[in-house]
Amino acid sequence: MKKVLTIAGSDSSGGAGIQADLKTMSAHGVFGMSVITAVTAQNTQGVFGIQDISPQMIAKQIQAIYEDIEVDAVKIGMVSQVDTIQAIAQQLLKYQAKNIVLDPVMVSKSGFHLLNPEAKNSLINQLIPLVTVITPNLPEAEVITGLTIESEKDMEEAAKAIFIMGPQYVLIKGGHLESDPVDLLYDGKAIQRFSTKRIATKNTHGTGCTLSSAIASNLALGFPITEAVKLAKEYITVAIENALSIGKGVGPTHHFYSLYQRAGLE
Ligand SMILES: Nc1ncnc2c1ncn2[C@@H]1O[C@H](COP(=O)(O)OP(=O)(O)OP(=O)(O)O)[C@@H](O)[C@H]1O
Ligand SMILES: Cc1ncc(CO)c(N)n1
């Protein structure tokens, strides 16, 4: 059994964060483990509070896992503070973590800041150089690069600018453009394009978390990056098509193993 770790925040409503990550991992048939960086009081309508876990406790969680268990891939989500990022980077370096997927979560769909703006530079300087692939959405790519992104051409420029910061691959997600969503993968040489039809739904809570966890699971399963992203796109598309009208706001993506099996990917 492949083992995948998520280092992320808890979403009490179960649609994003740690909860989305573990559901995605189970659906991929890998064993999910979690290091909780923060607890959010959150539902489909908004984020009502955040309590950060101390950097010491985050480091201890990572240590407890790596001292005992071999980790095949890591997904990093919400990391809100400078000290948190430093603690995570130190531990991942110490244990020579492999297959690291960074979803640089900054603002929730409801507009709540999940990354302290002061921590942006730590994310860029300490975490981005360690990762296999970073998966920013358009607003995140704009914050990281300082560029304005309004077209696919702009997305390509942003991917190239982020690549220089040190990750092995950059996947810029186009879900925030109005057209059909196009995601671009850059490996330092060429751009690969992953496109689907836009699904008409308001229920997209947790899409970014789901995609990054699916990529991490696929890397753990041994797929090369292009295949890992292609399969993850198929997974997120089905998860959005079947998204649930739970709660009064933006409902969550739906994960179930049979979907994955039906696609012939068990
Ligand atoms: N309406 C949609 N129809 C089809 N695919 C979509 C739709 N919205 C997003 N996607 C896809 O879902 C994935 C996540 O993209 P998105 O840009 O929404 O991430 P995100 O903003 O980081 O999500 P989150 O708010 O959960 O952090 C991408 O692969 C994107 O192309
Ligand atoms: C805890 C958490 N992580 C990530 C997201 C994605 O925006 C969220 N809403 N909540």
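Per an unreviewed UniProt entry, the protein chain goes by the name Hydroxymethylpyrimidine/phosphomethylpyrimidine kinase and belongs to Alkaliphilus metalliredigens. According to its UniProt record, the protein chain has this under Sequence similarities (unreviewed entry): "Belongs to the ThiD family."

**Q** Got a minute to help me understand the site of ligand 1 in this structure?
**A** As a matter of local geometry, ligand 1 sits amid 17 residues, with N137, K173, H176, D183 and I199 nearest to it. Within the contact set of ligand 1, an oxygen atom lies 2.7 Å away from a side-chain nitrogen or oxygen of K173. Here an oxygen atom of ligand 1 sits 3.5 Å away from a polar atom, N or O, in the main chain of G175. Notes on ligand 1: free accessible area 630 Å², of which the protein chains cover 94%. Residue assignment for the shell around ligand 1 shows that the elements contributing at least two residues are α7 (207-220) and α8 (225-241). The class makeup of the residues in the shell around ligand 1 is five nonpolar, six polar and six charged.

**Q** Explanation requested: the site of ligand 2 in the structure shown.
**A** Neighbouring residues of ligand 2: G9, S10, A16, G17, Q42, M78, V105, S108, L114 and C209. Side-chain polar atom of Q42 to a nitrogen atom of ligand 2: 2.8 Å apart, as the coordinates give it. Relative to its unbound accessible surface of 280 Å², ligand 2 loses 91% to contact with the protein. A class-by-class count of the residues in the shell around ligand 2 yields five nonpolar, five polar and no charged.

**Q** I would appreciate a short explanation of the packing of helix α2 (residues 55-66) against helix α3 (residues 82-94) in the present structure.
**A** What describes two packed helices is the angle between their axes and the distance between those same axes. For the pair α2 and α3, the least separation of the axes is 9 Å and the interaxial angle reads 20 degrees. Classed by the angle they form, the pair α2 and α3 counts as roughly parallel. The crossing of α2 and α3 is right-handed. Of the residues in α3, those touching α2 at P55, I58, A59, I62, Q63 and Y66 are D83, T84, A87, I88, Q91, L92 and K94.

**Q** Explanation requested: the nonpolar core in the structure shown.
**A** Within soluble globular proteins, side chains that are nonpolar tend to cluster in buried spots. Grouped together as the largest cluster of nonpolar side chains are 43 residues, with contacts concentrated most on L5, Y66, V74, I76, I88, L127 and I172. Excluding residues that lie within four positions of it along the chain, I88 makes contacts with I7, T37, I58, I62, I76, V79 and L127. Formed by 23 residues, the second largest nonpolar core is a distinct cluster that contains A73, F194, A216 and I225.

**Q** Would you explain the sheet that holds strand β5 (residues 100-102) in this entry?
**A** Think of a sheet as strands paired side by side through backbone hydrogen bonds, with each pair either parallel or antiparallel. Across the sheet, nine strands lie side by side as β3-β2-β1-β4-β5-β6-β7-β8-β9; this open sheet has mixed pairing. Whereas interior strands pair on both sides, the edge strands pair on one side only; in this sheet they are β3 (47-52) and β9 (191-195). Pairing between strand β7 (residues 169-172) and strand β8 (residues 182-186): three bridges, direction antiparallel. What sits directly across from L171, in β8, is L185. Along the sheet face, α2 touches β1 (3-11), β2 (31-42) and β4 (73-76) and points at about 165 degrees away from the line of β2.

Cut-offs and rules
- Residues numbered from 1 in each chain as written.
- Chains lettered and ligands numbered in written order.
- Predicted model: local features only at pLDDT ≥ 70, side-chain atom pairs only at ≥ 80, totals over all residues.
- Heavy atoms only, no water.
- UniProt positions renumbered as here; feature names shortened; annotations may be inferred.
- Near = heavy atom within 4 Å.
- Polar contact = N/O pair within 3.5 Å; in protein donor to acceptor, adjacent residues only side chain to side chain.
- Areas by Shrake-Rupley, 256 points an atom, 1.4 Å probe, with all protein chains shown as cover.
- Helix = DSSP H or I, 4+ residues; strand = E, 2+ residues; numbered from the N terminus.
- Nonpolar A, V, L, I, M, F, W, Y, C, P; charged D, E, K, R; others polar.
- Axes fitted to C-alpha atoms, helices over the stretch in contact; angles between N-to-C directions.
- Parallel < 35°, antiparallel > 145°, perpendicular 65-115°, else oblique.
- Left-handed = near helix turned anticlockwise from the far one by under 90°.
- Contact = heavy atoms within 4.5 Å.
- Core = buried A, V, L, I, M, F, W, Y, C linked by side-chain atoms within 4.5 Å.
- Buried < 20%, exposed > 50% of the residue type's maximum accessible area, 1.4 Å probe, protein only.
- Pairing = 2+ DSSP bridges.

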